[in-house]
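# Examining the three-dimensional arrangement
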Amino acid sequence: MPEIATNDSTGDLAICPLGIDGVLVRFSRALSPQANDAAHAFCDAVINARLSGVTEVAPSLTSVRVAFDPAKTDRDSLTRALRDLLAQLRDADASPRRLWRIPVAFGPAHAPQLAEAAELAGLTPDQAVAQITAQQLRVLAIGFAPGQPYLGMMAPHWDIPRQSELTPKVPRGALVTAVRQLIIFAADTPTGWRQIGQSAFAVWRPDSDRPFALDPGDAVQCVAVSDDTLRDLQANPDSNGGATCKVLR
């Protein structure tokens, strides 16, 4: 966990007003693993503190929005409380609470742009799959669609651009990549990211008591499976796409 200053603005760290009922705590202007870890640890701290008047705590890649009810607290009081929490975070445990292992098929029928993405990263397709499946990525943020995770950070050579044109549709569960990140899509959707694999894992489960399968800060590792295995998983809606979840702390 990086050391965090406690004044309202030091370097990239800032506590800023956001609308009439929000405060934004920003840890960096640029995405880094350290800033993302700090944002998730701070989000957990705010939730656990149960501050009076707080109505929502929402992390993003490098910041946390804290919304409040103006009838129950005011911005100055909330800012003082958030500053105190920041001072307590120097020794916070930013390691992931859960590790997910998610089966992904990388065959040609399920990874139509794997070869292109691998070439942009300076790799063969086999090398690309080996690197993707060897790494435990973090859920950097949930966004764009319900439950949809942004996973990172891949090695610098995976800093490949988005496409200049949209792919009209990739299916739910598609694994896509750009800018050193992976996404597992929550629904059929157009995208400018390249599809490099396919899972049967549902990140958005509206009928569940826990609609978002993944939490910001979770660790995720893709596990390569055959096309036949993926089809079996897709045919079994109760399999959760073959995903497993291990509680780490």
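Report follows, based on the coordinates.

## A look at helix α2 (residues 75-87)
The terminal C-alpha atoms of α2 lie 18 Å apart, and with 13 residues this matches the ideal 18 Å at 1.5 Å per residue to within 8%. Among the residues making up α2, those that are buried are Leu78, Thr79, Leu82, Leu85 and Leu86. When α2 is viewed along its axis, its buried side chains cluster within an angular range of 120 degrees and face the same direction. Summarising the geometry of α2, the exposed residues directed more than 90 degrees from the buried face are Asp76 and Asp84. Contacts from the buried residues of α2 go to β2 (13-17), β3 (22-26), α1 (33-49), β4 (54-59) and β5 (63-68). For α2, the capping residue at the N-terminal end is Asp74, with a side-chain oxygen 3.1 Å from the backbone nitrogen of Asp76.

## Observations regarding α1
For α1, which comprises 17 residues, the first-to-last C-alpha distance of 24 Å matches the rise-based estimate of 24 Å (1.5 Å per residue) to within 8%. For α1, the complete set of buried residues consists of Ala35, Asn36, Asp37, Ala38, Ala39, His40, Ala41, Phe42, Cys43, Ala45 and Val46. Close packing links the buried residues of α1 with β3, β4, β5, α2 and β7 (137-142). A positive backbone phi angle near 50 degrees is found at Arg50, which sits one or two residues after α1.

## Considering the pattern of salt bridges
Under the counting rule described, the total for this entry stands at nine salt bridges. For Asp218, the salt bridge goes to Arg98, with nearest N and O atoms at 2.8 Å. Here the residue Asp218 occupies a position in the loop between β13 (194-198) and β14 (219-225), and Arg98 occupies one in strand β6 (residues 98-105), the gap between them amounting to 120 residues. For Asp218, a relative accessible area of 3% gives the class buried. Each of Arg98, Arg210, Asp215 and Asp218 takes part in one network of salt bridges that share partners.

## Focus on the side chain of Ser239
With respect to the helices, strands and loops of the structure, Ser239 is situated in the loop between α5 (227-234) and β15 (244-247). In terms of polar contacts, Ser239 uses its side chain to reach the backbone carbonyl oxygen of Leu233, at 3.4 Å.

## Regarding the packing of aromatic side chains
One pass over the structure, following the stated rule, counts four aromatic pairs. Aromatic side chains Tyr150 and Trp193 sit 6.0 Å apart centroid to centroid with 75 degrees between the ring planes, which places their arrangement in the edge-to-face category. In this pair, Tyr150 is assigned in strand β8 (residues 149-152) and Trp193 in the loop between β12 (189-191) and β13, connecting sequence segments 43 residues apart. Of the residues examined, Trp193 reaches a relative accessible area of 8% and is grouped as buried.

The rules behind each value
Every residue gets a number counted from 1 within its own chain, in the order that chain's sequence is written. Local features in this predicted model are restricted to residues of pLDDT 70 or higher, and side-chain atom pairs are both shown and tallied only at a pLDDT of 80 or more, whereas totals for entire chains, interfaces and linings draw on every residue. Think of the side-chain values as coming from all heavy atoms in the structure, minus any hydrogens and water. Numbering of helices and strands runs from the N terminus; a helix is a DSSP stretch of H or I covering at least four residues, while a strand is a stretch of E covering at least two. Given the number of residues in a helix, its expected span is that number minus one, multiplied by 1.5 Å. Relative accessibility decides the category of a residue: with a 1.4 Å probe and only protein chains considered, values under 20% of the type maximum give buried, values over 50% give exposed, and everything between is partly exposed. To be clear, the arc concerns the directions from the helix axis to the C-beta atoms. Contacts are assigned to residue pairs with any non-hydrogen atoms lying within 4.5 Å of each other. Within 3.5 Å is the distance limit for a polar contact, defined as a pair of N or O atoms, with the added protein rule that one can donate a hydrogen and the other accept it, and that residues adjacent in sequence qualify only through two side-chain atoms. Any carboxyl oxygen of Asp or Glu within 4 Å of a side-chain nitrogen of Lys or Arg constitutes a salt bridge here. Only Phe, Tyr and Trp rings take part, Trp by its six-membered ring, and two of them pair if their centres are within 6.5 Å. Stacked means planes under 30 degrees apart, edge-to-face means over 60, and tilted covers everything else.

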